[in-house]
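Here is how the chains run, residue by residue.
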Amino acid sequence: MTEGLLPLIGVTACRVKTEEHAYQRVTEKYVTVVVDEVGGCPVMIPALEAGIDPRVLVRRLDGILLTGSPSNVDPQHYQGTPSQNSAEHDPARDAVTLSLIRAAVAAGVPILGLCRGIQEMNVAFGGSLVQRIHDDTGKLDHRMRRDVPFDWKYRKAHPIAVTPGGLLERIAGPGPHMINSLHGQGIDRLGTGVRVEATAPDGVVEAISVADAPGFALGVQWHPEWPRPCEGIDRSVFQAFAAAVRSRAADGTIPVSAAAAE
């Protein structure tokens, strides 16, 4: 990396269609966390249904942050049953992120998936999703509370059990760790090469990594980017991602073990 230049971090956008023009949306918290916690320069990756050649992006980017979103991955991408509300889909984002994830992992570009991002990572490698966790008997209601003030929406909701010997344990330690919870969907069948890094008390997958990936590849189901300042396991996740990004920017390679140890 040339001295004085910040690593370039691709930040995935969502496409929002109005009655007039469509627009690309990235919630500011994802942009600022790249600056504040990762020490990089955020670059928006637009959600264009025609797609963007992922080979071009992975050659130019030092890392990729897969953002959360109100939208869900279209179940056609994992042979799931049709959604109850097709308006929740973002086909343009699906067209970009699923191929981009595979290209980034293959090229060793550090990748961190948050909320929808972890689900995209699983689907990209052939996994499937549970569309309505709260309808399953014995499961917690992981959805965002809408009857509380804003600050309470991101409150610590439940603990996680971290997989011993995994990437997340090397990053943040065995815990105990408490996380927030703002999602209605979750991982069902694991994708090829995807391994569980943490689970909720009800067994819902809360973190994954990609086994044998040549670079840092971690997804978490919660929102470590908020509230600020990031603390505990949230900060540890971004510190590990930042270490991977810096190494990638410096020499183009980043072993997972090095990212976890730094």
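Residues numbered from 1 in each chain as written. Predicted model: local features only at pLDDT ≥ 70, side-chain atom pairs only at ≥ 80, totals over all residues. Heavy atoms only, no water.

A. View of the packing of aromatic side chains. Taken as a whole, this structure holds one aromatic pair when the rule is applied. With a centroid separation of 6.0 Å and an interplanar angle of 40°, the aromatic rings of Phe216 and Phe241 are classed as tilted. Highlighted residues: Phe216 in the loop between β12 (205-210) and β13 (217-220) and Phe241 in helix α7 (residues 232-251), separated in sequence by 25 residues. When sorted by exposure, Phe216 lands in the same class as Phe241, which is buried. (Phe/Tyr/Trp six-rings, centres within 6.5 Å; stacked < 30°, edge-to-face > 60°. Helix = DSSP H or I, 4+ residues; strand = E, 2+ residues; numbered from the N terminus. Buried < 20%, exposed > 50% of the residue type's maximum accessible area, 1.4 Å probe, protein only.)

B. View of the pairing of β12. Summarising burial for β12: six of the six residues are buried, a large majority. Sheet topology note: the strand β11 (residues 194-199)/β12 ladder contains five bridges and is antiparallel. Its bridge partner lying in β12, Val196 is registered against Ile208. Linking β11 to β12, which pair antiparallel, is a turn of five residues; within it Gly203 sits at a positive phi near 90°. Of the pairings in the sheet, the one linking β12 to β13 comprises three bridges and is antiparallel in character. Counterpart to Ser209 in the pairing with β13 is Leu218. Counting the residues between successive antiparallel strands, the hairpin from β12 to β13 contains six residues, one of them, Asp212, with a positive phi of roughly 65°. (Pairing = 2+ DSSP bridges.)

C. Expanded view of the pattern of salt bridges. This model, assessed by the stated rule, comprises nine salt bridges. For Lys29, the salt bridge is made with Glu225, and the minimal N-O distance between the two is 2.8 Å. With Lys29 in helix α1 (residues 28-38) and Glu225 in the loop between β13 and α7, this residue pair connects regions lying 196 residues apart in the sequence. Note that Glu37 is salt-bridged to Arg235, the shortest N-O span being 3.6 Å. Separated by 198 residues along the polypeptide, Glu37 in helix α1 and Arg235 in helix α7 bring together distant segments of the chain. Members of the salt-bridge network, linked through shared partners, are Arg93, Asp94, Arg116 and Glu120. (Salt bridge = Lys/Arg side-chain N within 4 Å of Asp/Glu carboxyl O.)

D. Structural view of unusual backbone geometry. A cis amide bond, omega 5°, links Trp226 with the succeeding residue Pro227. Secondary-structure assignment places Pro227 in the loop between β13 and α7. Each neighbour pair has its own omega, and for Arg228 with Pro229 the value is -5°, a cis peptide bond. With respect to the helices and strands, Pro229 occurs in the loop between β13 and α7. The backbone of Cys115 sits at a positive phi, close to 55°, despite the residue not being glycine.

E. Structural detail: the nonpolar core. By size, the foremost hydrophobic cluster in this structure holds 31 residues, and its most contacted members are Leu168 and Leu218. Broken down by secondary-structure element, the contributors of at least two residues to this core are β1 (8-12), α1, β6 (111-114), β8 (158-162), α6 (167-172), β13 and α7. Broken down by element, the residue count for this core peaks at eight residues, all from α7. The residues contacting Leu168, other than those within four sequence positions of it, are Ile160, Val162, Gly173, Glu197, Ala198, Ala207, Leu218, Trp222, Ile233 and Val237. Listed in part, the 30 residues of the second largest apolar core include Ile45, Leu66, Ile111 and Ile187. (Core = buried A, V, L, I, M, F, W, Y, C linked by side-chain atoms within 4.5 Å. Contact = heavy atoms within 4.5 Å.)

F. Here's a closer look at the environment of Val205. Relative to the helices and strands, Val205 is located in strand β12. Under the relative-accessibility criterion, Val205 is labelled buried at 9%. In the structure, Val205 is positioned 184 residues away from His21 in sequence and 37 Å away in space, judged by C-alpha atoms.

G. Main features of the sheet that holds strand β5 (residues 63-66). Strand order in the open sheet formed by nine strands is β4-β1-β5-β6-β13-β12-β11-β8-β9, and the pairing between neighbours is mixed. Because the sheet does not close on itself, it has two edges, and the strands there are β4 (41-45) and β9 (177-179). Strand-to-strand, the axes of this sheet are offset by a mean angle of 25°, without reference to chain direction. Relative to β6, β5 is paired through three bridges, and the arrangement is parallel. The residue of β6 that forms the bridge with Leu65 is Leu112. Relative to β6, helix α4 (residues 116-124) is tilted by about 120°, and along the sheet it contacts β5, β6, β11, β12 and β13. (Axes fitted to C-alpha atoms, helices over the stretch in contact; angles between N-to-C directions.)

Keep in mind these numbers describe shape, not what the thing actually does.
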